[in-house]
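# Fold and geometry: a report
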Amino acid sequence: MTVVRRLLPDDAEEYRSLRLEALHRHPEAFGSSHAEESTRPLSSFAERIAGGYIAGGFVDGQLDATAGLLVPIQAKSRHKGLLWGVYVRGNRRGSGLADAVMTALLAHAVEHVEQIHLSVAATNKRAIGLYERLGFEAYGMEPRALKVDGIYIDELLMVKFMDR
Ligand SMILES: CC(C)(COP(=O)(O)OP(=O)(O)OC[C@H]1O[C@@H](n2cnc3c(N)ncnc32)[C@H](O)[C@@H]1OP(=O)(O)O)[C@@H](O)C(=O)NCCC(=O)NCCS
């Protein structure tokens, strides 16, 4: 059975485990690194959950997918949400779980922001396909956005306007 809901601080242990798997397996897909996050205490993951919005996709009680929304606190920027931490565990890909967590996130976002921005590795066709399907459009490219083990990664910048 699949359940999609907002993560709560009590989910911190399971969230940390999935997050560290994501950073370990896909270093090119995330701005954070496994080396940095694996040293953080469990409490910092609970604080991250409490301080923002993370949609979690649970299959048979196990957390298998996440998508996070960050809303800036500055008055001039808080109409723009930032999508981060989109991940589906390997054996759950292509099952609709990515759409399920993203749909939950978008339902939350429409109440809080006017647009959502994201950056995605320009070569990550699967993620770009997901975002395009959900109405995100590319508006630019950040060259050398990340440097992973000496390799530069360009990132496509995408936006979704909630009123379109
Ligand atoms: C990016 C990511 C979240 C996308 O999730 P996904 O499950 O792989 O992707 P999709 O939901 O688009 O599904 C992929 C395929 O399954 C199909 N699919 C989706 N839902 C389906 C369903 N309910 N039933 C059958 N097929 C389905 C899609 O149509 C798609 O097919 P296509 O590639 O032929 O078009 C996932 O691949 C991932 O975690 N990757 C590693 C981390 C990463 O890159 N994160 C993004 C950082 S910006």
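Since the model is a prediction, treat every value here as computed from it, not as a measurement.

## Some remarks on the site of the ligand
The environment of the ligand is made up of 19 residues, and the closest members are Val-86, Val-88, Gly-94, Asn-124 and Arg-126. Taking Ser-95, its main chain carries an N or O atom lying 3.1 Å from a nitrogen atom of the ligand. Within the side chain of Arg-126, a nitrogen or oxygen atom sits 2.6 Å from an oxygen atom of the ligand. The fraction of the free accessible surface of the ligand (940 Å²) that becomes covered by protein chains is 66%. At the level of secondary structure, the elements contributing two or more residues to the shell around the ligand comprise strand S4 (80-88), helix H4 (97-109), strand S5 (115-121) and helix H5 (125-133). Tallying contributions element by element places H5 first for the shell around the ligand, with four residues.

## A few points about the nonpolar core
Formed by 29 residues in total, the largest nonpolar core has its most connected members in Leu-83, Ile-116, Tyr-131 and Phe-136. Sorting the residues of this core by element identifies strand S2 (53-59), strand S3 (62-70), S4, H4, S5, H5 and strand S7 (151-161) as the ones contributing at least two each. If you tally residues by element for this core, the top one is H4, at seven residues. Ignoring any residue separated from it by four or fewer positions in sequence, one finds Phe-136 in contact with Leu-83, Met-102, Ile-116, Leu-118, Tyr-131, Met-158, Val-159 and Lys-160.

## Digging into the side chain of Arg-48
Structurally, the position occupied by Arg-48 is in helix H3 (residues 42-51). Relative accessible area serves as the criterion here: at 18%, Arg-48 is assigned to the buried category.

## Focus: helix H1 (residues 12-25)
If you check H1, its first and last C-alpha atoms are 20 Å apart, about what 14 residues at 1.5 Å a residue would give, namely 20 Å. Contacts made by the buried residues of H1 are with helix H2 (34-37), H3, S2, S3 and S4.

## A word on the packing of H1 against H3
It is the contact of H1 with H3, at a shortest axis distance of 9 Å, that shows an interaxial angle of 100°. On the basis of their axis angle, the class for H1 and H3 is roughly perpendicular. Between H1 and H3, the residues in contact are Ala-12, Glu-13, Tyr-15, Arg-16 and Arg-19 and Leu-42, Phe-45, Ala-46, Arg-48 and Ile-49, respectively. Looking at the contact of H1 with H3 residue by residue, the class counts come to six nonpolar, no polar and four charged.

## Thoughts on the pattern of salt bridges
Applying the stated criterion across every chain, the model contains ten salt bridges. A salt bridge links Glu-37 to Arg-19; the shortest N-O distance between them is 3.1 Å. Of the two residues, Glu-37 sits in helix H2 while Arg-19 sits in helix H1, which places them 18 residues apart along the sequence. The pair Glu-37 / Arg-19 is uniform in exposure class, with both members buried. Here Asp-64 makes a salt bridge to Arg-92, at a shortest N to O gap of 2.9 Å.

## A short note on H3
If you check which residues of H3 are buried, you get Ser-44, Phe-45, Ala-46, Arg-48 and Ile-49. Taken together, the buried residues of H3 touch H1, H2, S2 and S4.

## Observations regarding the sheet that holds S4
In spatial order, the strands read S1-S2-S3-S4-S5-S7-S6; together these seven strands make up an open sheet with mixed pairing. A single partner strand is all that each edge strand has here, and the edge strands are strand S1 (2-6) and strand S6 (137-148). Recorded for the sheet is a direction-independent mean angle of 25° between the axes of neighbouring strands. By the bridge criterion, seven bridges tie S5 to S7 in an arrangement that is antiparallel. Across the sheet, Ala-121 pairs through a bridge with Glu-155, a residue of S7. The sheet strands contacting H4 are S1, S2, S3, S4, S5 and S7, and the helix crosses S3 at an angle near 35°. Its contacts with the sheet put H5 on S4, S5 and S7, and the angle it makes with S5 is roughly 160°.

Calculation rules
Residues numbered from 1 in each chain as written. Predicted model: local features only at pLDDT ≥ 70, side-chain atom pairs only at ≥ 80, totals over all residues. Heavy atoms only, no water. Near = heavy atom within 4 Å. Polar contact = N/O pair within 3.5 Å; in protein donor to acceptor, adjacent residues only side chain to side chain. Areas by Shrake-Rupley, 256 points an atom, 1.4 Å probe, with all protein chains shown as cover. Helix = DSSP H or I, 4+ residues; strand = E, 2+ residues; numbered from the N terminus. Core = buried A, V, L, I, M, F, W, Y, C linked by side-chain atoms within 4.5 Å. Buried < 20%, exposed > 50% of the residue type's maximum accessible area, 1.4 Å probe, protein only. Contact = heavy atoms within 4.5 Å. Expected span 1.5 Å × (residues − 1). Axes fitted to C-alpha atoms, helices over the stretch in contact; angles between N-to-C directions. Parallel < 35°, antiparallel > 145°, perpendicular 65-115°, else oblique. Nonpolar A, V, L, I, M, F, W, Y, C, P; charged D, E, K, R; others polar. Salt bridge = Lys/Arg side-chain N within 4 Å of Asp/Glu carboxyl O. Pairing = 2+ DSSP bridges.

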